[in-house]
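This is what each chain is made of:
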Amino acid sequence: MNDAEEISRLLRPLARVEPGRKGSGGSGAGAQALLASITGRRADAPAVPGPDTVVARPEAVAAGSPGAPSAGPLAGPRRRSLRLGPRRLTLGLTAAALLATGVVVGPSLVRDGGGVAVSYANAAVDIRRDGDQYVARIKDPFAEYAMYTEAFRAVGLRVELRPVPVSAGYVGKILGMVIASKEAPDRQATPDPSGPRFGGVPLTLGTDPRGCEPGRSPGCVMVIRVPAGLTGRVDVRIGRQAREGEEYANFDAALAPGGMFHGVRLRDGRPVGEILAEARRRELSAVFSLIRIDPKTGGLSFEPLPADRVGGGWTVWNAWQVKAGVVRLLVTPGRLPENPFYNGSAPPPASG
């Protein structure tokens, strides 16, 4: 007797629903009786949605540092609701399918002896406990938002994966992560390039194989390692193709390879008139922001300026890409002693 025959022999006395026979549908009397034994309600009682509703709604993410030009909220995945009543009914029918056919479908969840989930897997992500870390392997970075949240919440973590609009060359690239936690990361004499540590346990973000592009490279998986005791929130951003008219989250990539201003040199500053001529040559339109430097801290802020207030002899120190066909020039009325984007007060441009 093979395994399939043995399973059928063991389950046959239990299964009150035989596929293909009259009344074997989900609304049939046999299925309802089986569902009642699984869910603990009367077979003739209507399914009542539970009182709680879990709503997965991504918060808006704003691109750039404080004072960056207003880009508006970035579009995220659509709002989704999971109502607990229908979910319970779905689980009941899944269990009925298990008794009738011996097949397990849907997410898998493993708990330790104390009731804490040590692993969780669904079609988009696989999370497993590995010592003091949870290791999440994200197989589909553009799946429904709720699939990520349900997986990370199942193991007690608050990790949000946010696809954000980017220029064509950055689709599938990881743009980084933002950590919001009351716990301060460990101070390290030599910072770990893979990420900060909390209580000696690293929080890292990468890909397998290394350097591949999730969602674009075949077999590429995003890998996130999170300390098991981390109580804060981690927001991970990954680039998706921007829709028509949508502003870019990778605004600071204008000078980088593949950016709309790649090859333009601004390290020493250049006159507005020259840069506008270059923008026209590339069939780009330009908007402006005035650079303001805090005299005490050296921090930078930016004030949008109408084009008619900017003189051709003003100086351009950096350029950001706004959306398809539009570049933002960061300017001052006169020359500065040095380019403020290279003196440590702000991350330097990718090139230029």
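Structure's up top.
Analysis parameters
Residues numbered from 1 in each chain as written. Predicted model: local features only at pLDDT ≥ 70, side-chain atom pairs only at ≥ 80, totals over all residues. Heavy atoms only, no water. Pairing = 2+ DSSP bridges. Helix = DSSP H or I, 4+ residues; strand = E, 2+ residues; numbered from the N terminus. Axes fitted to C-alpha atoms, helices over the stretch in contact; angles between N-to-C directions. Buried < 20%, exposed > 50% of the residue type's maximum accessible area, 1.4 Å probe, protein only.

K.L.:
Run through the sheet that holds strand S13 (residues 233-241), naming residues and quoting values.
P.N.:
Ordered in space as S7-S13-S8, the three strands form an open sheet in which the pairing is mixed. Only two strands of the sheet have a single neighbouring strand rather than two, namely strand S7 (158-166) and strand S8 (174-180). Between one strand and the next, the sheet's axes are offset by a mean angle of 25°, whatever the strand orientation. Pairing of S8 with S13 involves six bridges; the strand directions are antiparallel. Among the inter-strand pairings, Gly176 is bridged to a residue of S13, identified as Arg237.

K.L.:
Help me get a handle on the sheet that holds strand S17 (residues 315-323), residues and values and all.
P.N.:
As summarised here, the arrangement of the five strands in space is S14-S17-S18-S15-S16, forming an open sheet in which the pairing is mixed. Every interior strand has two partners, whereas the edge strands, strand S14 (270-271) and strand S16 (300-305), have only one. Inspection of the sheet shows S14 paired to S17 by two bridges, in the antiparallel sense. Each residue of the ladder has a partner; that of Arg270, found in S17, is Val316.

K.L.:
Tell me about the pairing of S13, and name the residues and values.
P.N.:
The element S13 is largely enclosed, with a buried count of eight among its nine residues. Sheet topology places S7 next to S13; nine bridges connect them, and they run parallel. Residue pairing in the sheet places Val164 in a bridge with Gly239 of S13.

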